[in-house]
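A structural walkthrough
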Amino acid sequence: MGKPGWVETRTLLPRFCFLSQVSGELTSVAHAVSLPAESYGNDPDIEMAWAMRAMQHAEVYYKLISSVDPQFLKLTKVDDQIYSEFRENFKKLRIDVLDPEELKSEGAKEKWRPFCLKFDGIVEDFNYGTLLRLNCSQGYTEENTIFAHRIQFFAIEIARNREGYNKAVYTSVQDKEEEKGANNGGDEGANSGGEEEKGANREGEKEKINKGGEKEKDTYKEINKSGEIAM
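Because the structure is a prediction, the values reported are computed rather than measured.

Side note on the packing of aromatic side chains
For the coordinates displayed, the defined rule picks out ten aromatic pairs. Relative to Phe153, the ring of Tyr61 lies with its centre 5.1 Å away and its plane at 75 degrees, an arrangement referred to as edge-to-face. Of the two residues, Tyr61 is situated in helix α3 (residues 44-67) and Phe153 in helix α7 (residues 150-162); the sequence distance between them amounts to 92 residues. For the residue pair Tyr61 and Phe153, the accessibility class agrees, reading buried in each case. In textbook terms, an aromatic cluster arises when at least three aromatic residues are bridged by ring pairs, as seen for Phe86, Phe90, Trp112, Phe115 and Phe119. Directly above the aromatic system of Tyr140 lies the positively charged group of Arg133, at a separation of 5.9 Å from the ring centroid.

In structure tokens form, the structure reads like this:
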């Protein structure tokens, strides 16, 4: 349940004390979500439903770019058009670390509006509320998250993927996985010794590859399963 329209975002969501089951980073994202009060009033059920959808979208997307090399991702059926229009209109916009004023100032809104409206009827829910990271090398934390329209999210994230900026997330996660696998292999080797150590390492690598494959499959499964929520 997104937030349509171009109304100004003002209030912050106050009711997330019972969302402790959501992972740490996603829980803190809730504090960064702004709601267009003029359109929806203060209905807590609507606020919560929208926030949960935005958080779920953020969780799925971050899992995706952590599991698959972002350079090869396709987020919409019209990625090429979005990227082309985006870079034609925002040639000098820095996307690795966004300045919130480049999206939220009055001048920025005037520039973004015609770009976004081009995708009305092309990108589903193009103006619904979405969470966007400021620094693409970091996750969805309170300090690193702003509210944006979905087409702005697609434009910036497609550019980040194609221009190599999001690879920092993927590389960081993969390096941690490799380090964890190496440490586990070292412990097994110390206990086994000799040929057993080599065999354990080989099995460890095989298991790691299999786990990586399953992880990637699970991510795609979640994207497909989430459907409209995810993308």
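What to know about the pattern of salt bridges
One pass over the structure, following the stated rule, counts eleven salt bridges. One salt bridge connects Arg150 with Asp125, and the closest N-O pair in it is separated by 3.9 Å. Residue Arg150 is located in helix α7, and its partner Asp125 is located in the loop between α6 (106-117) and β3 (129-133); the two are separated by 25 residues in the primary sequence. Per residue, the accessibility class of Arg150 equals that of Asp125, and both read buried. Among the salt bridges present, the one from Glu157 reaches Arg133, with a minimum N-O distance of 3.3 Å. Of this pair, Glu157 sits in helix α7 while Arg133 sits in strand β3, and the two are 24 residues apart along the sequence. Neither residue differs from the other here; Glu157 and Arg133 are each classed as buried. Several salt bridges share partner residues, and in doing so they unite Arg53, Asp125 and Arg150 into one network.

Side note on helix α4 (residues 79-89)
Three or more residues of α4 are buried, namely Asp79, Ile82, Glu85, Phe86 and Arg87. Summarising the contacts, the buried residues of α4 are in contact with α6 and α7.

About the criteria used
Residues numbered from 1 in each chain as written. Predicted model: local features only at pLDDT ≥ 70, side-chain atom pairs only at ≥ 80, totals over all residues. Heavy atoms only, no water. Phe/Tyr/Trp six-rings, centres within 6.5 Å; stacked < 30°, edge-to-face > 60°. Helix = DSSP H or I, 4+ residues; strand = E, 2+ residues; numbered from the N terminus. Buried < 20%, exposed > 50% of the residue type's maximum accessible area, 1.4 Å probe, protein only. Lys NZ or Arg CZ within 6 Å of the ring centre and 35° of its normal. Salt bridge = Lys/Arg side-chain N within 4 Å of Asp/Glu carboxyl O. Contact = heavy atoms within 4.5 Å.

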